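Fold and geometry: a report
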Amino acid sequence: MFENLSTKLDRAFKTLKGQGSITEINVAQTIKEVRRALVDADVNYKVAKTVTDKIKDEAMGRDVLIAVSPGQLMVKIVHEELTELMGGEKKDININGSPAIVLIAGLQGSGKTTFTGKLANFLKRQGKGVMVAACDVYRPAAIDQLNVLADQVGVDFYAERESKDPVSIARNAVEHAKRTGKKVIIIDTAGRLAVDEAMMQEIYDIKEAIRPTETLFVVDSMTGQDAVNTAKTFNERINFDGVVLTKLDGDSRGGAALSIRAVVEKPIKFISTGEKMEALDLFYPDRMAQRILGM
Amino acid sequence: VGKSKVDEEVLDELETVLVHADVGIGTTVKIIDRIEKRVARDKYVGTSDLDRILREEIMDLMEENTGGVAADFTLPDTGGNPYVIMVVGVNGVGKTTTIGKLASQFHKAGKKVVLGAGDTFRAAAVDQLKIWGDRVGIPVIDHGMNTDPASVAYDAVKKGVEMGADVVIIDTAGRLHTKVGLMNELTKIKRVMQKVIDAAPHEVLLVLDGSTGQNAVIQAREFTKATEVTALAVTKLDGTAKGGVIIGISDEFKIPVKYIGVGERVEDLQVFDKREFVDSLFSKK
Ligand SMILES: Nc1nc2c(ncn2[C@@H]2O[C@H](COP(=O)(O)OP(=O)(O)OP(=O)(O)O)[C@@H](O)[C@H]2O)c(=O)[nH]1
Ligand SMILES: Nc1nc2c(ncn2[C@@H]2O[C@H](COP(=O)(O)OP(=O)(O)OP(=O)(O)O)[C@@H](O)[C@H]2O)c(=O)[nH]1
Ligand SMILES: [K+]
Ligand SMILES: [Mg+2]
Ligand SMILES: [Mg+2]
C-alpha cells in the first residue's frame, strides 16, 4: 500500500507540475489519498480526518508546493506525523510495589490470557517472583487455559474453582501473593463488551478492590472502526495505564493503534506477535507508522 | 440523512456512515456509485426513497444463502451420511463458541450431533469444547492435546458414521492466514475426512469476528484458497461494531453469511437475516 500511496502522490503532483504551479487544491487532493490509505488501514474515519488536516498544515508549512519531489516529501511528512502521534516519550510498565499488581482487561478473544502468560514469562526472566490469577469465571476452561500457561512458563498460579465472584478472587489472590512474597501478581479477567453494563461494573469493582499498580487494555490489532468506542468506554471506566496490541504476527495494518492513541492518549506498552509465550515485544512508534502505511 | 433531495452532501454523509460501519472505502465507493446511477436514472429521488434504495443496493451486493443447512436446521440429503461441518478462522474469533451454539441448535432440532476436538494446540482448547459438549449433552471425540488434528477429524467423522449421527462438527485451532504451514494443515485435515466420506466436509464455515476491520477481506481470501469456504459466521455483533466488512466479502467471494453470534450464551446464535443486518448498519447503537 505504501508503494501505492507513494506512486499515487507522485502522480498527483506530477500532472500538476506539468500544468505549471502546484496549488493548495492539488495538495488537498493528495491529502484525500492519504486519508483513504489510513482508513483502508482501519484508522478510524474521524481520526484519519484530524490526522490528515494536521498533515496538510505541516505540508504547507514545509513548502511542499515548491519541493523537488513533492510526493516523497509528502510521504516523509505523513510518516513523521504518524510516528509522533503514536510516540511521545516511551513509557515502560510500572511494577513498583510489593507486590506490583497488574490488571488485564479487554474484549472477548483479544488475547488477554495469552498475554498474561507472556508477561509473566517476561518478568520471570528478569528474575522476579511472579504469580498469575484466574478471574475469568465465565468462559469454559478459562481457568485451565491460564493454568496450562502458568505451568509452561513456570510461575505460581492462583484460582478458586468453586467461586463465581471475580472481585473476591482478585482480592484473595493479591493477599496470597503478598503472603508468599511475590514481586508481581498479574490478574487475568474475562472478556467483556464495552456496552455490557454489568460486566463493565464488574471490572470497575475489581479495580477498586485491588488498586492495581498497572492496568493494561488488550486490543486485537485487526480491530476496525469500533476500536475507538471500546477504548474510550474502557478508559472512562477503568482509566487504564497502557495498551497491549496483539496478533501483530499477521498482516493487519493495525490502524487501531493510531485510533486508540489519538482518542485516549494512553501509551502502547507491548505488542504480541504470536501464540508462543516468547512472542512479546516492546512497542516502537516508527515501525507501527511504517506498518500502517504498508512500508 | 435528513434532507429532501440527494446531493453531494447527502452522499458524503452516507460515506461517513458506511465507512464507520467497516464497509471499507472500496465497497463504499461501489455502493455510492450505484446510488448515483439510480438517482441519475430516476431523476428525482427524495431522502425517503434514498433510504430504501440504499438498503436494496447493499442487499443486492450480498450473496443469497443457498443450499446447505436451512434456517430451521434441517439438513440437505447426504446419502445417509452425517453432514460434516469444518469450522475455521483466525485466533479468538469465536469458532469453538459458535460450534457449541450450533451443536445446541441441531440437538434441539432433534439431530444427533458429534463434535471433533481438532484444536489440539491452544491451551485447554480440548477442555473448552468438551464443556460445550457436556452443556448440550453430546459426545466430543478427542485425542487430547498436542496430537494430530487430521487424525482427530478422521476419527470424529468415522465415529459419526458408526453412530449414525446427522451432523459432525470439527473444531480447528485458530491460525493467522499468513502462516503457510498452518494453512496447509487445514487442507490436510480436509483431505483426511474424505477417506471416510467422499463429499466431506459438506460445509466449511469461516468464522469472522464482527469487530474486525479490513483484514477480514484477506482472511476470507486466504481461507478460501486453502479450504474452499462455503459459508460465513460473524460473531460478537452484540457489541457496537457493525461488521460491515462482510458486505464486500460476500460480494467479492460469493460466499453467503449463514449465522451471526450475538453473545456468549448457548442461545446467542441467529440465522443471518440480510434486512436486519443492513438496518443495523444505520442504527445508532
Ligand atoms: N497469532 C497470534 N495469536 C494470538 C496472539 N495472542 C493471542 N493469540 C491467540 O488468540 C486466541 C485468543 O487468545 P486468548 O488469550 O484466549 O484471548 P482472551 O482475550 O483471553 O479471550 P477471552 O478470555 O475469551 O476473552 C488464542 O488462540 C491465542 O492463542 C498473538 O499475538 N498472535
Ligand atoms: N460477546 C460475544 N462474545 C463471543 C461471541 N462468540 C464468541 N465470543 C467470545 O469470544 C471469545 C473467544 O471465543 P472462542 O470460541 O474461544 O474463539 P475461537 O475462535 O475458538 O478461539 P481460538 O480457538 O483460540 O482461536 C470467548 O470469550 C467467547 O465467549 C459473540 O457472539 N458475542
Ligand atoms: K452491533
Ligand atoms: Mg481469556
Ligand atoms: Mg477455539
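Description of the structure in this document. (Residues numbered from 1 in each chain as written. Chains lettered and ligands numbered in written order. Predicted model: local features only at pLDDT ≥ 70, side-chain atom pairs only at ≥ 80, totals over all residues. Heavy atoms only, no water.)

1. A short note on the site of ligand 1
Residue and element names in this part refer to chain A. Looking at ligand 1, there are 23 residues lining it, with Lys112, Thr113, Thr114, Arg139 and Glu275 nearest. Within the contact set of ligand 1, an oxygen atom lies 2.9 Å away from a backbone nitrogen or oxygen of glycine 109. For ligand 1, an oxygen atom lies 2.7 Å from a polar atom in the side chain of threonine 113. Notes on ligand 1: free accessible area 650 Å², of which the protein chains cover 96%. Here the shell around ligand 1 gets four residues from one element, more than from any other, and that element is helix α5 (residues 112-124). Across the shell around ligand 1, the residue classes break down as two nonpolar, 13 polar and eight charged. (Near = heavy atom within 4 Å. Polar contact = N/O pair within 3.5 Å; in protein donor to acceptor, adjacent residues only side chain to side chain. Areas by Shrake-Rupley, 256 points an atom, 1.4 Å probe, with all protein chains shown as cover. Helix = DSSP H or I, 4+ residues; strand = E, 2+ residues; numbered from the N terminus. Nonpolar A, V, L, I, M, F, W, Y, C, P; charged D, E, K, R; others polar.)

2. Side note on the site of ligand 2
Neighbouring residues of ligand 2: 22 residues in total, closest Gly94(B), Lys95(B), Thr96(B), Thr97(B) and Glu264(B). The site occupied by ligand 2 is bordered by residues of chains A and B. For ligand 2, a nitrogen atom lies 3.4 Å from a polar atom in the side chain of Gln108(A). A distance of 2.8 Å is found between an oxygen atom of ligand 2 and a backbone nitrogen or oxygen belonging to Gly94(B). Considering ligand 2 on its own, with 650 Å² of exposed area, one finds that the protein chains cover 96% of that surface. Considering each element in turn, the shell around ligand 2 owes the most residues, four residues, to helix α4 (residues 95-108) of chain B. Looking at the shell around ligand 2 residue by residue, the classes come out as three nonpolar, eleven polar and eight charged.

3. Points about the interface of chain A and chain B
In this assembly, 32 residues from chain A lie in contact with 37 residues from chain B. Of the roughly 3,100 Å² buried between chain A and chain B, counting both surfaces, carbon and sulfur atoms make up 57%. The three residues of chain A that bury the most area against chain B are Tyr45(A), Met222(A) and Glu275(A), which together make up 20% of that side's buried surface. Across the chain A-chain B interface, the total number found is one salt bridge. Linking Lys179(B) and Asp249(A) is a salt bridge whose minimum nitrogen-to-oxygen distance equals 2.4 Å. For the pair chain A and chain B, the interface holds 14 residue pairs in polar contact (both at pLDDT 80 or more). Sorting the residues of the side of chain A that touches chain B by element identifies α2 (24-40), α3 (45-61) and α6 (142-153) of chain A as the ones contributing at least two each. Ranked by residues supplied to the side of chain A that touches chain B, first place goes to α6(A) with four residues. Here the residues of the side of chain A that touches chain B are counted per class, giving ten nonpolar, eleven polar and eleven charged. (Contact = heavy atoms within 4.5 Å. Buried area = accessible area lost by both parts, 1.4 Å probe. Salt bridge = Lys/Arg side-chain N within 4 Å of Asp/Glu carboxyl O.)

4. Brief notes about helix α10 (residues 274-281) of chain B
Residue and element names in this part refer to chain B. Inspection of α10 places Lys274, Phe277, Val278 and Leu281 among the buried residues, and these make up the whole buried set. Looking straight down α10, one finds that the buried residues subtend no more than 95° of arc, so they occupy a single side. Residues of α10 that are buried make contact with α1 (8-20), α3 (47-61) and α9 (245-253). The backbone nitrogen of arginine 275 lies 2.9 Å from a side-chain oxygen of the residue at the head of α10, namely aspartate 273. (Buried < 20%, exposed > 50% of the residue type's maximum accessible area, 1.4 Å probe, protein only. Arc of directions from axis to C-beta.)

5. Section: the nonpolar core
Judged by nonpolar contacts, the single largest core of 91 residues is most densely connected at Ile35(B), Phe106(B), Leu115(B), Ile169(B), Met193(B) and Ile249(B). Apart from the residues lying within four places of it in its own chain, the contact partners of Met193(B) are Val84(B), Met86(B), Ala153(B), Val157(B), Ile170(B), Ala200(B) and Pro201(B). (Core = buried A, V, L, I, M, F, W, Y, C linked by side-chain atoms within 4.5 Å.)

6. Structural notes on the pairing of strand β1 (residues 83-88) of chain B
All names here are of chain B. Burial analysis of β1 places six of its six residues in the buried class, the great majority of the element. A two-sided burial pattern is seen for β1, the buried positions comprising Tyr83, Ile85 and Val87 on one face and Val84, Met86 and Val88 on the other. Here β1 pairs with strand β5 (residues 203-209) via four bridges, running parallel. In the sheet register, valine 88 faces β5, and the bridge partner there is leucine 206. (Pairing = 2+ DSSP bridges.)

7. A closer look at unusual backbone geometry
Trans peptide bonds make up most of the peptide bonds, and negative phi angles are found at most residues other than glycine. A cis amide bond links Ser98(A) with the next residue in sequence, Pro99(A), at an omega value of -5°. Position of Pro99(A) among the secondary structure elements: in the loop between α4 (70-86) and β1 (100-106). Of the consecutive residues Ala200(B) and Pro201(B), the connecting peptide bond is found in the cis state with omega at -10°. One non-glycine residue, Asp42(A), adopts positive backbone phi at about 75°. Residue classification places Asp42(A) among the buried residues on the basis of a relative accessible area of 3%. Within the chain, Arg211(A) stands out as a residue other than glycine whose phi angle is a positive 45°.

8. Description of the sheet that holds strand β2 (residues 130-135) of chain A
Residues and elements named next belong to chain A. Pairing in this open sheet of eight strands is mixed, and the strands run β3-β2-β4-β1-β5-β6-β7-β8 from one edge to the other. Unpaired on one side and paired on the other, β3 (156-158) and β8 (280-282) mark the two borders of the sheet. Within the sheet, the average angular offset between the axes of one strand and its neighbour, ignoring direction, is 25°. As paired elements, strand β6 (residues 242-246) and strand β7 (residues 268-272) share three bridges and run parallel to each other. Its bridge partner lying in β7, valine 244 is registered against phenylalanine 270. The sheet strands contacting helix α9 (residues 227-238) are β1 and β5 (214-220), and the helix crosses β5 at an angle near 165°. (Axes fitted to C-alpha atoms, helices over the stretch in contact; angles between N-to-C directions.)

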